[in-house]
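# Structural description and commentary
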Amino acid sequence: MLDKTRLEEINVGRVLARGGYPNEVREIIAQERLLPGGLVNRLHRQFPQYSALASTAAPIFTGRENYTGLKGFRQVVEILRAAGIDIGHVDERELFVEVYRFLATRHTLNSIDWTNYETDSVFQLVFPQPGMIAGDVVKAYLAAEKGAERSKVANEYMKATNPHDGNQQLNKPWFENEDGVLEVLAGSQHKYPQTQLIFDQSTQHCFSFCTYCFRHAQVRGDEDMFLQHDIAQIHEYLRQHKEVTDLLITGGDGGFMPPERLAQYVEPLFEDPELLHIRTVRLATRVLTFSPEQVLTRKYEKMLALFDKIHENGIQLAWMAHFSTPRELLNPMVIAATRRLQSHGVVLRSQSPMMKHISLFAKEDGAIDIDKSAQNWIDLANILGTLHIGFHSMYCARPTGEHHYYTAPLADVVRIFDQVYRSLPSINRPSRHISMTTSAGKMSLMGFSQINGETVFALKFNEARNMKWMDTVFHAKYDAKTNNVSLLTPIEGNSFFFEEELAQIEAELEKSLSDAMAAAKSVHMDHTLQTDQSAEPDFPPAHQGC
């Protein structure tokens with residue numbers, strides 16, 4: 001017999017009124033019909049175990065919109081204590097905050113199920129956890145006197161966090177301008193022919209900090225971070241590189257870029273015949289997970305007008321979201337913001353990593369629970385389909401930061417992905433096989449094969465430094481424990497088919513730039529860095545100038 005409580009109609013207006021959402025947001029939702037009852041009720045009934053769509057509980061966090069750094073973390077801890085919640089291990093968590101960062105929006109904090117926060121995926125996503133950082137480092141930090149001495153321990157440990165895995169510094173593009181000046185694009189990467197990454201000066205903050213962050217050098221402002229100031233430099237490089245079809249604006253978070261800045265990037269694409277080869281602008285952002293309310297404001301309408309203009313000029317604007325769990329989506333603000341973007345020609349896609357404690361789950365004995373983990377992704381995929389969000393990809397954790405805490409054995413990841421893939425209708429499946437980024441490229445885990453009676457990994461590239469490598473399936477010895485494709489070994493010989501050429505490519509990339517800089521009469525490369533976020537008294541506002 002059906003549970004009648006699950007079939008009760010959700011009163012969307014009451015949910016919004018009691019959820020502490022601003023009047024302006026509620027007015028826009030009503031005027032633009034962004035939360036139709038049929039959609040909301042259908043999703044809630046299909047996935048009640050994840051849904052916050054019927055919640056009328058008063059939020060814990062009602063003051064500041066954002067919390068940042070040690071100061072912000074301590075404010076959050078005090079608000080929780082006042083609500084009767086003690087998360088514990090505060091000093092150890094503060095070590096993580098000093099090494100990496102802490103950033104959290106009010107929306108993020110209120111998305112956590114505080115009645116069961118220890119196993120809540122969003123809590124794991126944004127709060128440092130005990131056991132993340134090695135015990136000897138934690139011991140030294142706790143033994144040090146609070147203040148400068150503890151910061152010294154944290155700063156020393158930063159050197160071991162590997163912020164630029166995969167030889168990212170080799171991806172920095174350059175060209176010689178008409179005056180003979182060597183232009184080095186300090187805030188860009190061009191590793192694969194079709195796609196150029198842009199780390200703009202306006203996108204180096206995040207709305208909330210993912211504790212597994214693969215780009216913590218950007219967020220904390222390391223000296224060797226990527227940071228692009230000169231937009232004209234990007235356009236000139238593009239005129240010389242017709243193979244580029246996609247611009248990927250990232251960070252940090254691409255959602256921090258104000259419309260005036262984005263317009264400077266995209267409007268020349270409408271007008272300059274030498275830039276006709278650019279077909280897609282991708283915006284890599286977690287706005288929908290961490291700060292969806294900002295899309296639901298009058299202030300954001302300048303950005304929406306620009307999205308309209310991009311769409312009307314025949315350029316695809318691909319909003320690359322990062323959803324890892326169904327709970328991130330089944331929230332009234334997220335659904336409303338998603339529908340508002342789509343009504344302005346924005347194509348939404350989701351790409352996200354498979355992370356232990358967040359979207360991969362362990363049994364009591366520590367082994368990965370294949371069925372539970374797969375079900376998380378199956379449910380997520382079907383919700384994405386209902387909301388017309390393309391399921392772009394799933395990928396493995398990169399070997400940076402506290403990689404050990406989040407990763408699972410590759411063999412288990414393959415089993416989970418295979419179960420997800422065969423359980424979904426073809427239209428809701430991820431568009432590519434699971435992959436892991438290496439210096440050579442994005443290496444896909446195709447599954448298992450049997451060769452001479454032995455189980456082996458079958459591999460193929462999704463992207464590669466030499467794109468012809470993508471045509472070859474190759475094999476590695478089965479390893480039940482390793483969590484890193486770079487540690488796999490070939491079934492025959494001492495190296496994979498691409499490794500000798502990869503070494504040559506990497507050496508040539510490094511030599512070509514150093515030779516060009518030595519020969520140039522002048523070099524233009526902007527080394528200006530952002531301000532370290534830990535030193536800021538408040539969280540920076542997004543879309544300054546809107």
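Located above this text is the structure these notes cover.
In this report, we go over the structure that sits alongside the text. Given the structure is predicted, the values throughout are model-derived calculations rather than measurements. (Residues numbered from 1 in each chain as written. Predicted model: local features only at pLDDT ≥ 70, side-chain atom pairs only at ≥ 80, totals over all residues. Heavy atoms only, no water.)

Turning next to the nonpolar core. Ranked by internal contacts, the top residues of the largest apolar core, which has 154 residues, are Ile-87, Trp-114, Phe-127, Phe-307, Trp-319 and Leu-341. Sort the elements by how many residues they give to this core and helix H17 (residues 370–386) lands first, with 8 residues. Look past the residues within four positions of Phe-307 in its chain and what remains in contact with it is Leu-262, Tyr-300, Leu-317, Trp-319, Leu-341, His-344 and Val-346. (Core = buried A, V, L, I, M, F, W, Y, C linked by side-chain atoms within 4.5 Å. Buried < 20%, exposed > 50% of the residue type's maximum accessible area, 1.4 Å probe, protein only. Helix = DSSP H or I, 4+ residues; strand = E, 2+ residues; numbered from the N terminus. Contact = heavy atoms within 4.5 Å.)

Before going further, it helps to examine the sheet that holds strand E3 (residues 174–176). The strand order across the open sheet formed by 3 strands is E3-E4-E16, and the pairing between neighbours is mixed. Two strands close off the open sheet at either side, each with one partner strand: E3 and strand E16 (523–524). Summarising the sheet, strand E4 (residues 182–184) and E16 pair through 2 bridges and their orientation is parallel. Bridging across to E16, Glu-183 finds its partner in His-524. The sheet strands contacting helix H11 (residues 231–240) are E3, E4 and E16, and the helix crosses E3 at an angle near 80 degrees. (Pairing = 2+ DSSP bridges. Axes fitted to C-alpha atoms, helices over the stretch in contact; angles between N-to-C directions.)

The next subject is helix H12 (residues 259–271). Over its 13 residues, H12 extends 18 Å from the first C-alpha to the last, a length consistent with the 18 Å expected when each residue adds 1.5 Å. Where H12 bends most, the angle comes to about 35 degrees, and this point is Tyr-265, followed within four residues by the proline Pro-268. Burial in H12 covers these residues: Pro-259, Arg-261, Leu-262, Ala-263, Tyr-265, Val-266, Leu-269 and Phe-270. Where H12 is buried, its residues contact strand E6 (195–199), H11, strand E7 (246–250), strand E8 (280–284) and helix H14 (301–312). (Expected span 1.5 Å × (residues − 1). Bend = angle between axes of the 7 residues up to and from the residue.)

Here the focus is the packing of aromatic side chains. The full count for this structure, using the stated rule, is 35 aromatic pairs. Judged by centre distance (5.6 Å) and plane angle (65 degrees), the rings of Phe-102 and Phe-127 are edge-to-face. Here the residue Phe-102 occupies a position in the loop between helix H5 (90–99) and strand E2 (103–105), and Phe-127 occupies one in the loop between helix H7 (121–126) and helix H8 (135–143), the gap between them amounting to 25 residues. With relative accessibility at 1%, the residue Phe-102 sits in the buried group. Judged by its relative accessible area of 0%, Phe-127 falls in the buried class. Relative to Tyr-237, the ring of Phe-175 has its centre 6.2 Å away and its plane inclined at 50 degrees; by these criteria the two rings are tilted. Note that Phe-175 is positioned in strand E3 and Tyr-237 in helix H11, a separation of 62 residues in sequence. (Phe/Tyr/Trp six-rings, centres within 6.5 Å; stacked < 30°, edge-to-face > 60°.)

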